[in-house]
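Residue strings, one per chain:
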Amino acid sequence: MESYAGRTEHGTGLMTPPTHQIPSIEAISVTKIYGQGQTEVIALNDVTLRVAPGEVVALLGPSGAGKSTLLTAMALINPPTSGRIIISGELVMEGADAKIDLRAFRRRHLGFVFQKANLIPFLTALENVQVALEINDTPAHIARKRAMYLLDHLGIADRADNLPDALSGGQQQRVAVARALANKPSLILADEPTAALDSHRGRQVMELFAQVAHESNSGVIVVTHDTRALDVFDRIVEMEDGRLLTPSVSSAEYGD
Amino acid sequence: MNLAVRDIRHNFSRFVFTTVGIGLLLMVVMGMAGIYRGLIFEATLLVDRIGADLWVVQGNTRGPFAELSRIPVSLENRVRALPEIIRARRFVNHSIQREHHGKPLRLMVQGLAWPDDKGEWVSLVAGRPLGQAHFEMIADRSLGLALDERVKFGKDVYRVVGLTTGMSGIAGDGLAFFTASDAMTIQFDSPSEAIRLDRSARLARTENQDLGHTQPLLLERAGGLSSGIAELPRPQVSAILVSLNPSADIDRVISTLSTWPDITVYTAQQQKDLLLSGTVDKSRRQLGLFSVLLIIISTIIIALIMYTLTLDKIHDIALLKLIGARNRVIVGLILQQALLMGAFGYGLAWWFGQYLFPYFPRRVMLETPDLIKLAFITVLISMLASLLGIWKAMQVEPNTVLA
Ligand SMILES: Nc1ncnc2c1ncn2[C@@H]1O[C@H](COP(=O)(O)OP(=O)(O)OP(=O)(O)O)[C@@H](O)[C@H]1O
Ligand SMILES: [Mg+2]
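Attention shifts here to the overall build of chain A. Helix and strand content of chain A: eight helices and eleven strands. Looking at the 256 residues of chain A, the share that counts as buried comes to 58%. Of the contacts made within chain A by residues no fewer than 6 positions apart, 66% connect residues no fewer than 24 positions apart. Roughly 10800 Å² of accessible area belongs to chain A as shown, and the carbon and sulfur atoms make up 48% of that amount.

This part takes up the domain arrangement of chain B. By the assigned domains, chain B splits into domain 1 (3-43 + 281-402) and domain 2 (191-229). Relative placement of domain 1 of chain B and domain 2 of chain B: their C-alpha centres are 72 Å apart.

Moving on, we get to unusual backbone geometry. Residues and elements named next belong to chain B. Cis geometry is adopted by the peptide bond preceding P115, which originates at W114 and carries an omega value of 0°. Inspection of the secondary structure assignment puts P115 in the loop between strand 5 (103-112) and strand 6 (124-127). Unusually for a residue other than glycine, E84 sits at a positive phi of about 70°. Residue placement: E84 occurs in the loop between helix 3 (75-80) and strand 3 (85-91). Look at E84 and you get partly exposed, because its relative accessible area is 37%. In this structure, D148 is a non-glycine residue whose phi angle is positive, near 75°. Checked against the element boundaries, D148 lands in the loop between strand 7 (136-140) and strand 8 (150-153).

Here we come to the site of ligand 1. Residues and elements named next belong to chain A. Neighbouring ligand 1 are 13 residues; S63, G64, K67, S68 and T69 lie closest to it. Taking A65, its main chain carries an N or O atom lying 3.2 Å from an oxygen atom of ligand 1. The contact in question runs from an oxygen atom of ligand 1 to an N or O atom on the side chain of S68, over 2.7 Å. Here ligand 1 has 630 Å² of accessible area as a free molecule, and 59% of this is covered by the chains. Among the secondary structure elements, those contributing two or more residues to the shell around ligand 1 are strand 2 (41-51) and helix 2 (67-74). Residues belonging to the shell around ligand 1 are distributed by class as follows: five nonpolar, six polar and two charged.

This part takes up the pairing of strand 3 (residues 56-60) of chain A. Residue and element names in this part refer to chain A. Counting buried residues along strand 3, five of its five residues qualify, which places the element largely inside the surrounding structure. Summarising the sheet, strand 3 and strand 9 (residues 219-223) pair through four bridges and their orientation is parallel. Bridge pairing in strand 9 links A58 to V222. Pairing geometry for strand 3 and strand 10 (residues 235-240), over four bridges, is parallel. Within the sheet, the bridge partner assigned to A58 lies in strand 10 and is I236.

Glancing now at the environment of E84(B). Measuring from C-alpha to C-alpha, the distance between E84(B) and S247(B) comes to 8.2 Å, with 163 residues separating the pair along the chain. Those residues within four positions of E84(B) in sequence are excluded, and the remaining contacts are L244(B), N245(B), A248(B) and V253(B).

What follows covers the nonpolar core. General note: in soluble globular proteins, nonpolar side chains tend to be found buried as a group. In terms of nonpolar packing, the biggest core is built from 150 residues, with L70(A), L76(A), I85(A), L151(A), F209(A), I221(A) and W55(B) touching the most fellow members. Broken down by element, the residue count for this core peaks at 14 residues, all from helix 2 (residues 12-50) of chain B. Not counting residues within four places of it along the chain, the set of residues in contact with I85(A) comprises I25(A), E26(A), V30(A), A73(A), M74(A), L76(A), P80(A), E90(A), L91(A), V92(A) and M93(A). Counting residues in each nonpolar core, the second largest holds 40 residues, with L75(B), I186(B), I254(B) and W260(B) among its members.

To continue, consider the sheet that holds strand 1 (residues 54-58) of chain B. All names here are of chain B. Taken together, four strands build an open sheet; the order of strands is 3-12-1-13 and the sheet is antiparallel. Two strands lie at the open edges of the sheet, namely strand 3 and strand 13 (263-267), each paired on one side alone. Strand-to-strand twist in this sheet, taken as the mean axis angle between neighbours without regard to direction, amounts to 25°. The pairing of strand 3 with strand 12 (residues 239-244) spans six bridges and is antiparallel. Bridging from a neighbouring strand, R89 pairs with L241 of strand 12. The sheet strands contacting helix 2 are strand 1, strand 3 and strand 12, and the helix crosses strand 3 at an angle near 145°.

Here we take up the layout of surface pockets. Regions of empty space are outlined by a rolling probe, equal in size to a water molecule, passed over the atoms. Residues and elements named next belong to chain B. The calculated volume of the second largest pocket comes to roughly 660 Å³. Taken together, 28 residues form the lining of the second largest pocket, with D140, S142, F360, P361 and R362 sitting closest to its centre. Per element, the largest residue contribution to the lining of the second largest pocket is four residues, and it comes from strand 5. Here the residues of the lining of the second largest pocket sort into ten nonpolar, ten polar and eight charged.

Looking now at the interface of chain A and chain B. On the side of chain B, 25 residues touch chain A, which itself brings 24 residues to the contact. Buried area between chain A and chain B, both sides added, is near 2300 Å², and the carbon and sulfur share of it is 61%. Ranking the residues of chain A by area buried against chain B places R103(A), F122(A) and I135(A) at the top, with a combined share of 31%. Among the ionic pairs, D137(A) bridges to R326(B), the shortest N-O distance being 2.9 Å.

Rules and cut-offs
Residues numbered from 1 in each chain as written. Chains lettered and ligands numbered in written order. Predicted model: local features only at pLDDT ≥ 70, side-chain atom pairs only at ≥ 80, totals over all residues. Heavy atoms only, no water. Helix = DSSP H or I, 4+ residues; strand = E, 2+ residues; numbered from the N terminus. Buried < 20%, exposed > 50% of the residue type's maximum accessible area, 1.4 Å probe, protein only. Contact = heavy atoms within 4.5 Å. Areas by Shrake-Rupley, 256 points an atom, 1.4 Å probe, with all protein chains shown as cover. Domains from an automatic or database assignment. Near = heavy atom within 4 Å. Polar contact = N/O pair within 3.5 Å; in protein donor to acceptor, adjacent residues only side chain to side chain. Nonpolar A, V, L, I, M, F, W, Y, C, P; charged D, E, K, R; others polar. Pairing = 2+ DSSP bridges. Core = buried A, V, L, I, M, F, W, Y, C linked by side-chain atoms within 4.5 Å. Axes fitted to C-alpha atoms, helices over the stretch in contact; angles between N-to-C directions. 1 Å grid on protein atoms, 1.4 Å probe; cavity = no way out; pocket = protein on both sides within 12 Å on 5 of 7 lines; lining within 4 Å. Points joined across faces, edges and corners; volume = space filled by probe spheres on them. Buried area = accessible area lost by both parts, 1.4 Å probe. Salt bridge = Lys/Arg side-chain N within 4 Å of Asp/Glu carboxyl O.

This is the structure in structure tokens:
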């Protein structure tokens, strides 16, 4: 954690928090510019967002505001043009430069859910969850048990042996959620994960995120348009035109 | 969990069709190698089976398989007179194409030096060796003749008394064994009209010469049988086959024979080498090059298949990268699939071949060393072929999942 302290001097401007309060993720002065010249789009304009461990954040905003861009930048799959991304105190991105093996980091620490379930069509529901565990070096029999446990938890244990094609959109999405949670990630990133679900199921998924976040102290960022389930979130962040509208740091958490 | 196997299971019919395609392709490669071996085998079959130690041929020629070789039959006796020689046989061999039951019948006539050689060395599947000096034959099965069947060659009818199998000449035509004199009769058979014209031409020539006027007997002979004219040489044979005493010093016999200016002598091995480096050399190289071409084409086709299969899965591969799969997982997925296709394709190729190749008109010989070599080549081309797909998979960005 010394390295964290070192980095704070460079510019987070925060008091060094106690270990358990190291932000789960920090995006610091992140700018993302797509294209060049005539077609240049500034999707993110100097965005700074911190999410504490165990904190569940909703990211709202109109279409084109840059929500997905911010989320994918934080998910280490869309390198920003400039700015830094620090996860669990570790500097992982500086501009477009990766400071670590991003894929290994994603595998160990991040969980993703997107609007589409993006399941692998030739694997069963169970195997889709299992594969996330196995690529993270979990022995097959343990992976299987944990995958089953997660599916059970999400109420689709009875469909474990079905291929994604045979599942409804909502069931597929729940498999994707199970996959995202499989490796007990320190950060869960979800981009409109409930778009394919009815409001009841949608709420259930949000509640599950909150529960996981609180139980395992992971940070959760969810892009959503569904304003009915907002009470589940600890904090709501709004975006517009590539900027955050609300202060990025929750005063309750850090006592600014 | 093996992703390659899961994917195959999911798209099983596609896998089966693709593998059958690859299998057929490999079968052609396998067949090519088999035809190549068959060609060599057939070319050297006769030299191997006839069991002569030395081949005496016309001076300065490369023997009956390479070019025309003509030596007098009497050479048989000259050779036989040498020490250490247990057998000297005339070698009469030529291809003919005749009609039999309205269908063309191509065969290679092989003369046996009756009564020395009745064809006991020919392995028979039915019947017996030759039993009389004329009008009997041993036929290879591929000629489609039955035991006891009668076939007309020239003015005579020959009876099939024995059947053999797998005996074919350089050009792949089935062999038929006759006594040497029958073989020569078949070879030099001319229609009666040609003989009549020949005789009257001889008569006319003689009539126009002084000799013809002064020697009435000569004039009479000129219009008669050709065998009655002393000046006409007797028909010649292609070679004399020499068998030596097992204890004989072959080099001494060769050096003795080499002093005879009218002949050239080859060992059986030299005769075989001449065959392989001469007569069948071009076909052999043609087949060899064609096999190489086929292997290259197979690699390209399998590469395209693997590329297409990878493109089909590119979204899943991007997702695997997104959730953090190592490259080894992704490479494994593509490579294992290619290897499985190669392996099953190879198995199918072998299996198809077992049923198909025997129906080929010429011999296709699948030999174990060739099969092992091809197995290695299959593994190699499967790996090479997956490179394009692997390259594509390595290119894909994880965030294309979101597109
Ligand atoms: N790959 C890209 N190339 C060029 N421009 C892009 C690309 N991706 C996004 N943009 C632009 O960046 C801006 C932000 O896009 P982004 O997808 O982050 O918005 P969003 O807030 O997620 O919108 P939505 O709610 O519709 O999903 C938009 O103007 C979009 O057109
Ligand atoms: Mg979006």
